[in-house]
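Here are the chains, one letter per residue:
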Amino acid sequence: MQTQTMTITELTTWAALDSRGAAPAVAGLLNDYGFADTNAGGLVRGLDGGTAVVVSWPDHVRFPSPNSDIGAIRLA
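Bear in mind that the values here come from a model prediction, so they are computed numbers and not experimental data.

Thresholds, definitions, all that
Along each chain, numbering runs from 1 in the same order as the chain's sequence is written. Local features in this predicted model are restricted to residues of pLDDT 70 or higher, and side-chain atom pairs are both shown and tallied only at a pLDDT of 80 or more, whereas totals for entire chains, interfaces and linings draw on every residue. In computing side-chain values, all of the structure's heavy atoms are included and hydrogens and water are not. Where helices and strands are cited, they refer to DSSP runs of H or I of at least four residues and of E of at least two residues respectively, numbered from the N terminus. When we talk radius of gyration, it's over C-alpha atoms, and the globule rule is simply 2.2 Å times the number of residues to the 0.38. Here's how the labels work: a residue is buried when its accessible area is under 20% of the maximum for its type, exposed when over 50%, partly exposed in between, all with a 1.4 Å probe on protein chains only. Contact definition: two residues touch when any of their heavy atoms are within 4.5 Å. We get accessible surface area from the Shrake-Rupley algorithm with a probe of 1.4 Å; when it comes to residues, only the shown protein chains can shield them.

### Considering the overall build of the protein chain
Consideration 1: Each helix and strand in the protein chain was counted, giving two helices and five strands.
Consideration 2: Secondary structure elements of the protein chain occur, N-terminal to C-terminal, as β-α-α-β-β-β-β.
Consideration 3: The globule rule puts the C-alpha radius of gyration for 76 residues at 11 Å, and the 12 Å found for the protein chain is close to it.
Consideration 4: Taken over the C-alpha atoms alone, the protein chain extends approximately 35 × 25 × 20 Å along its principal axes.
Consideration 5: Residue burial in the protein chain is summarised as follows: out of 76 residues, 30% are buried.
Consideration 6: If you take every contact in the protein chain between residues at least 6 apart in sequence, the share linking residues at least 24 apart comes to 62%.
Consideration 7: Accessible surface, the protein chain: about 4500 Å² in total, of which carbon and sulfur atoms supply 52%.

Structural data, given as structure tokens:
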């Protein structure tokens, strides 16, 4: 797996600028990995856009799309 460390704001901005997918895919991932709460409509308590996370994607992907290639997100 390849990894990149970035803030949650950088991740969501990257997703919004990516033309190969829809930004809501990243919102779903943030929810799936416990960083967001879709019922509460935002990030979980104690986290903000400046929270650093490590994003992972498969080795065979040269230019990852944040909206379709991310395999995992964890706190940095």
